[in-house]
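# Residue-level structure breakdown
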Amino acid sequence: MTILGIDIGGSGVKGAPVDTVRGELLDERCRVPTPQPADVDRVVDAVAEVAARFEGYDSVGVTFPGVVVDGVTRTAANVHKSWIDAPAARLFGERLGKPVTVLNDADAAGAAEVAFGAGRDQSGLIMMVTLGTGIGTALFLDGVLLPNTELGHLEIDGKDAELIASDRVRESEDLSWEKFAHRVSKYLRHVEMLLSPRLFIIGGGVSKKADKYFPLLEIRTPVVAAKLLNNAGIIGAAVSAGQAASGPGGQHPGSIPVDASRPGSPEAGEAHTVNAEGAR
C-alpha cells in the first residue's frame, strides 16, 4: 500500500508518498503556497494540486493547523474561519477519491518524532513545539499522545503566545536571534512551570536554524531540534492514514507503534502506541 502524506501549513501545503515503516519520504516532496484567504474551497484545491503530482497512492493523511476531532476541524487560528466545524476528512476524500485521514498538524509532527526521530528513545512527559506561522504543540506521556493540546495559544504578557514567539513574528518584526531566543525562552519557561516536561522537541521551519538560537535559550528543560525537520508532519500524517486503513482488528486508527524495548516503555508483549486523535 502506498500512502501520501500532506501537511497544510500557514505558508505552504506540502506532500509526498511515505515509507510508513522507516518513516522516510519515498519521493521528492511537492510544495505549493497556502492560498490566501485559506478558505475551505481554496485549501481543498491546494491539497488536490499537491496530490496530483503523485500517482499510485491508496490513501492519504492530511494535517490541519487546528483542533481535529473525528475528521472535523473545530478551530481555525491561522486559516479562514470557514474551516470551523468543516467535515475536512469527507471534503478531502470526495475531492481526491481516496480514503483520507485528517489530524492536527503538531500532533502529526510530534507522533513522527516520537516514533522515528528525536523522541524515539525518550520516556516520561515530552513536548513537541513547532515554531512556524503559529506555535503548534503536541504532548506525549510515555509515547502516548494527549491530542489537540493547542498550547501555542497560552497567554504570555497578555497576548497569545504565537503572537510573541512564532517564526512568523520573528520574520515580520525582523527580530535578532538574541531577541527571538528571549521570547521563545519566556514561552518555554511558562510551559515548564505548568507541566514540567522532561524534554522539548522544537520543530517547524525554524528548526533548521537551531544553531542560531538554541545556545541562547534560558530554560532548565533539555531542548533538541526535530530530526525529521519540516517533513515530520508529512510522515506523521501518512503513518496515521496507514493505521486507519488497517481497519477492524488492527491498531487504533492513527496509532504509531513505539519500540517496546526503549526506556520507560511497557514490558515486552504489551501494545504501546502513539495515538493521533482525529484519525478515524
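Conventions used here
Chains are numbered independently. Their residues run from 1 in the order of the written sequence. The predicted origin of the model limits local features to residues at a pLDDT of at least 70 and limits the giving and counting of side-chain atom pairs to 80 or more, whereas totals for whole chains, interfaces and linings rest on all residues. Water and hydrogen atoms were dropped before computing side-chain values, which therefore reflect all heavy atoms in the structure. UniProt positions are given in the numbering used here, feature names are shortened, and annotations may be inferred rather than shown by experiment. The secondary structure listing takes helices from DSSP runs of H or I that are at least 4 residues long and strands from runs of E that are at least 2 residues long, numbered from the N terminus. Accessibility here uses a 1.4 Å probe with only protein chains present; expressed as a share of the type maximum, an area under 20% marks a residue as buried, one over 50% as exposed, and anything in between as partly exposed. The Shrake-Rupley method, run with a 1.4 Å probe sphere, supplies the accessible areas, and residue values consider only the shown protein chains as cover. Note on contacts: a residue pair qualifies if any of its non-hydrogen atoms lie within 4.5 Å across the two residues. Two N or O atoms count as a polar contact when they lie within 3.5 Å, although within protein this holds only if one can serve as hydrogen donor and the other as acceptor, and sequence-adjacent residues are included solely when both atoms are side-chain atoms. Each nonpolar core is a collection of buried residues, namely Ala, Val, Leu, Ile, Met, Phe, Trp, Tyr and Cys, held together in the definition by side-chain atoms within 4.5 Å. Here a patch means residues that are over 30% exposed by relative accessible area and free of salt bridges, tied together within 9 Å if like-charged and within 5 Å if nonpolar (Val, Leu, Ile, Met, Phe, Trp, Tyr). Salt bridge, as used here: a side-chain nitrogen of Lys or Arg that lies within 4 Å of a carboxyl oxygen of Asp or Glu. A residue counts as positive if it is Lys or Arg and as negative if it is Asp or Glu; His and the chain ends are not included. For the purpose of locating charges, the reference atoms are NZ of Lys, CZ of Arg, CG of Asp and CD of Glu. Pairing between strands requires that DSSP locate at least two bridges from one strand to the other. To obtain each axis, a line is fitted to C-alpha atoms, and for helices this fit is confined to the stretch in contact; angles are then taken between N-to-C directions over 0 to 180 degrees. Per-residue confidence from the prediction method is given by pLDDT, with values spanning 0 to 100.

If you look the protein up in an unreviewed UniProt entry, it shows as Polyphosphate glucokinase from Actinoplanes siamensis. Under the heading Sequence similarities (unreviewed entry), UniProt records this for the protein: "Belongs to the ROK (NagC/XylR) family."

In terms of helices and strands, the protein carries eight helices and 17 strands. Buried residues in the protein amount to 55% of all 280 residues. Here the protein displays about 11900 Å² of accessible surface, and carbon together with sulfur accounts for 48% of that area.

Examined against the element boundaries, aspartate 7 turns out to sit in strand 1 (residues 3-8). Along the backbone, aspartate 7 and alanine 108 are 101 residues apart, and their C-alpha atoms lie at a distance of 9.0 Å. If we ignore the near neighbours within four places in the chain, the residues touching aspartate 7 are Gly12, Val13, Lys14, Thr63, Asp105, Gly233 and Ile234. A distance of 2.4 Å separates the side chain of aspartate 7 from the side chain of threonine 63, its partner in a polar contact.

Before going further, it helps to examine the nonpolar core. If you look at the biggest cluster of nonpolar residues, it comprises 31 residues, and the most contacted ones within it are Ile6, Trp83 and Phe92. Contributions of two or more residues to this core are made by strand 1, strand 2 (12-19), strand 4 (30-33), helix 1 (40-51), strand 5 (59-64), helix 2 (88-96) and strand 8 (100-104). Looking at this core element by element, the count peaks at eight residues for helix 1. In this structure, isoleucine 6 is in contact with Val13, Lys14, Gly15, Val47, Val50, Ala51, Val60, Gly61, Val62, Thr63 and Ala237, ignoring residues within four places of it in sequence. Leu125, Met127, Val206 and Tyr213 belong to the second largest nonpolar core, which has 26 residues in total.

This paragraph deals with a positive patch on the surface. A cluster of basic residues, Arg29, Arg31, Lys208, Lys209 and Lys212, forms a positive patch on the protein surface. Take arginine 29: it is sitting in the loop between strand 3 (24-25) and strand 4.

Two faces belong to every sheet, and in a regular strand the side chains alternate between them. With respect to burial, strand 1 is a largely interior element, six of its six residues being buried. With burial as the criterion, each face of strand 1 is covered, one bearing Ile3, Gly5 and Asp7 and the other bearing Leu4, Ile6 and Ile8. Note: strand 1 against strand 2, six bridges, orientation antiparallel. When the sheet's bridge partners are listed, glycine 5 is paired in strand 2 with alanine 16. Between strand 1 and strand 2, which follow one another and run antiparallel, lie three residues. Here strand 1 runs beside strand 5; their pairing, made up of five bridges, is parallel. If you follow leucine 4 over to strand 5, its bridge partner there is valine 60.

Quick look at the sheet that holds strand 10 (residues 135-141) now. Pairing is mixed in the open sheet, where five strands are placed in the order 11-10-9-14-15. Across the chains shown, the open sheet's two edge strands, defined by having one partner strand only, are strand 11 (144-146) and strand 15 (223-225). Strand-to-strand twist of the sheet, defined as the mean angle between neighbouring strand axes without regard to direction, takes the value 30°. Bridge count between strand 10 and strand 11: three bridges; the pairing is antiparallel. Looking at the pairing, phenylalanine 140 lines up with leucine 145 of strand 11. Across the sheet, helix 3 (residues 105-116) lies against strand 9 (125-131), strand 10, strand 11 and strand 14 (199-203), angled at about 45° from strand 10, the strand it touches most. Along the sheet, helix 6 (residues 177-195) makes contact with strand 9, strand 10 and strand 14, crossing strand 9 at roughly 150°.

This part takes up unusual backbone geometry. Note that the residue after glutamine 36, namely proline 37, is joined by a cis bond; omega there is 0°. Residues other than glycine seldom take positive phi values, yet aspartate 85 does so here, at roughly 65°. Mapped onto the secondary structure, aspartate 85 falls in the loop between strand 7 (72-73) and helix 2. On the accessibility criterion, aspartate 85 (48% relative accessible area) is partly exposed. The backbone of aspartate 174 sits at a positive phi, close to 50°, despite the residue not being glycine. Looking at aspartate 174, the relative accessible area reads 67%, which means it is exposed.

The subject of this paragraph is the confidence of the model for the protein. Averaged over all residues, the pLDDT of the protein equals 89, while 88% of them reach at least 70. Below pLDDT 50 for its whole length, residues 248-280 participates in 87 contacts with residues either more than four positions away or in separate chains.

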